[in-house]
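As a plain string of letters, each chain reads:
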Amino acid sequence: MKRQILFVCSGNSARSLIAEALLRNYGGEFFEVSSAGTDPTPVDVRAIKALQRFGIPIKGLYSKSLQEVADRDFDLVITLCDKSHNECVPAAGHGKLISWNFEDPASRHCFKPFYTTVLELSTRIKLFVLVYNKAAKAA
């Protein structure tokens, strides 16, 4: 049975969508992945372009609110910014809540901020999948 994972960010326009696409790509056989925003905004096309540049499938990605996924039970809710961590109160039936604080690529001051965010989240998610697989094999 696949573990249910929810990525939450304030806007669900970049970071959480990037994380959703990456975990589906790297761990889709182990995880059913969704994302949502505490105050959703339209998808930032720069996030989609960054994912496409790395060959990550983007099918089915769209910005949604926490209310759209409120009826689902998640094993793990991962917030991707302090704002969403402070605003996200997991519903009954949701498992653990953990926080990964990633800077918003839209306001980041670095070379190619959306590509940098994809790389950083990719590293974290690959490690997450590796740890999960080791724990699952040990169980």
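Procedures and definitions
Residues numbered from 1 in each chain as written. Predicted model: local features only at pLDDT ≥ 70, side-chain atom pairs only at ≥ 80, totals over all residues. Heavy atoms only, no water. Core = buried A, V, L, I, M, F, W, Y, C linked by side-chain atoms within 4.5 Å. Buried < 20%, exposed > 50% of the residue type's maximum accessible area, 1.4 Å probe, protein only. Helix = DSSP H or I, 4+ residues; strand = E, 2+ residues; numbered from the N terminus. Contact = heavy atoms within 4.5 Å. Phe/Tyr/Trp six-rings, centres within 6.5 Å; stacked < 30°, edge-to-face > 60°. Polar contact = N/O pair within 3.5 Å; in protein donor to acceptor, adjacent residues only side chain to side chain. Expected span 1.5 Å × (residues − 1). Salt bridge = Lys/Arg side-chain N within 4 Å of Asp/Glu carboxyl O. Patch = residues over 30% accessible without salt bridge, like charges linked within 9 Å, V, L, I, M, F, W, Y side chains within 5 Å. Areas by Shrake-Rupley, 256 points an atom, 1.4 Å probe, with all protein chains shown as cover.

Enquirer: So what about the nonpolar core? Which residues, and what values?
Expert: Ranked by internal contacts, the top residues of the largest apolar core, which has 30 residues, are Phe7, Leu23, Leu80 and Phe128. Looking at this core, the elements with two or more residues in it are strand 1 (3-9), helix 1 (15-27), strand 2 (31-37), helix 2 (45-53), strand 3 (76-79) and helix 5 (113-138). If we ignore the near neighbours within four places in the chain, the residues touching Phe128 are Ile5, Leu23, Phe31, Leu76, Ile78 and Trp100. Counting residues in hydrophobic clusters, the runner-up holds six residues, among them Leu6, Val69, Phe74 and Val77.

Enquirer: How would you explain the packing of aromatic side chains if you had to name every residue and give the values?
Expert: Following the criterion strictly, the structure yields seven aromatic pairs and no others. Aromatic side chains Phe54 and Tyr115 sit 6.3 Å apart centroid to centroid with 70° between the ring planes, which places their arrangement in the edge-to-face category. With Phe54 in the loop between helix 2 and helix 3 (66-69) and Tyr115 in helix 5, the pair connects residues that are 61 residues apart, well separated along the chain. The exposure class of Phe54 is partly exposed, given its relative accessible area of 34%. Both rings, one in Trp100 and one in Phe128, keep their centres 6.0 Å apart while their planes meet at 75°; by these two values the pair is edge-to-face. Remark: Phe128 occurs in helix 5 and Trp100 occurs in the loop between strand 4 (96-99) and helix 5; sequence separation between them is 28 residues. Accessibility assignment for this pair places Trp100 and Phe128 in one class, buried.

Enquirer: Residues and numbers for the side chain of Ser16, please.
Expert: You can see Ser16 is positioned in helix 1. Note on Ser16: relative accessible area 0%, which makes it buried. At a separation of 2.7 Å, a polar atom in the side chain of Ser16 contacts the side chain of Asn12.

Enquirer: Just give me the short version of helix 5, but keep the residues and values in it.
Expert: Across its 26 residues, helix 5 extends 38 Å between first and last C-alpha, which sits within 8% of the 38 Å expected from 1.5 Å per residue. Among the residues of helix 5, Pro113, Phe114, Thr117, Val118, Leu121, Ser122, Ile125, Phe128, Val129 and Asn133 are the ones counted as buried. Buried residues belonging to helix 5 abut strand 1, helix 1, strand 2, helix 2 and strand 3.

Enquirer: Describe the pattern of salt bridges, naming the residues involved and giving the relevant values.
Expert: Within the structure shown, the criterion is met by five salt bridges. Its salt-bridge partner being Glu20, residue Arg24 comes within 2.5 Å of it at the nearest N-O pair. Of the two residues, Arg24 and Glu20 are both situated in helix 1; the distance of four residues between them amounts to about one turn of the helix. Overall, Glu20 belongs to the buried group, its relative accessible area being 1%. When the shortest N-O distance is used, the salt bridge between Arg46 and Asp44 registers 2.7 Å. Among the charged side chains, a network of salt bridges with common partners joins Glu20, Arg24 and Lys64.

Enquirer: So, a nonpolar patch on the surface: which residues are in play, and what are the values?
Expert: Nonpolar side chains collect at one region of the surface, where Leu127, Leu130 and Val131 lie side by side and expose about 280 Å² of accessible area between them. Inspection of the secondary structure puts Leu127 in helix 5. A residue is classified by how much of its surface remains accessible, and Leu127, at 49% relative accessible area, is partly exposed.

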